[in-house]
Amino acid sequence: MKLLRFLLGLILPPLGVFLTVGVGPTLLINILLTFLGWLPGSIHAIWVIAKYEERMDQGEIY
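Source: prediction; values computed, not measured.

### Comments concerning the UniProt feature "transmembrane region" (unreviewed entry) in the protein chain
Then comes step 1: Here, UniProt's "transmembrane region" (unreviewed entry) annotation points to residues 28-50.
Then comes step 2: Between the C-alpha atoms that bound residues 28-50 the distance is 18 Å, and the span itself is 96% helix and 0% strand.

### Observations regarding the pattern of salt bridges
Then comes step 1: Under the defined criterion, the tally for this structure stands at two salt bridges.
Then comes step 2: A salt bridge links Arg5 to Glu53; the shortest N-O distance between them is 2.0 Å. One end of the pair, Arg5, is in helix α1 (residues 2-11); the other, Glu53, is in helix α4 (residues 38-58), and 48 residues separate them in sequence.
Then comes step 3: Taking the shortest distance from any N to any O, the salt bridge between Lys51 and Glu54 comes out at 3.8 Å. A residue pair is termed a helical-turn pair when its members lie 3 or 4 positions apart in one helix, as Lys51 and Glu54 do in helix α4 at three residues.

Criteria and thresholds
- Residues numbered from 1 in each chain as written.
- Predicted model: local features only at pLDDT ≥ 70, side-chain atom pairs only at ≥ 80, totals over all residues.
- Heavy atoms only, no water.
- UniProt positions renumbered as here; feature names shortened; annotations may be inferred.
- Helix = DSSP H or I, 4+ residues; strand = E, 2+ residues; numbered from the N terminus.
- Salt bridge = Lys/Arg side-chain N within 4 Å of Asp/Glu carboxyl O.

Dropping the structure here:
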């Protein structure tokens, strides 16, 4: 599932973020960045997914 989220974060950034954190301000930021260009949206999506995985590994998110 982790690899799928990273791939979706590259191809369809808002979908990767939605599958990771759900609906919220992070998703809205990613949608706006994706409207500005695919690259900013993808960079933000990969960053959000990586940070989420890092917090999961540390046990901060259940």
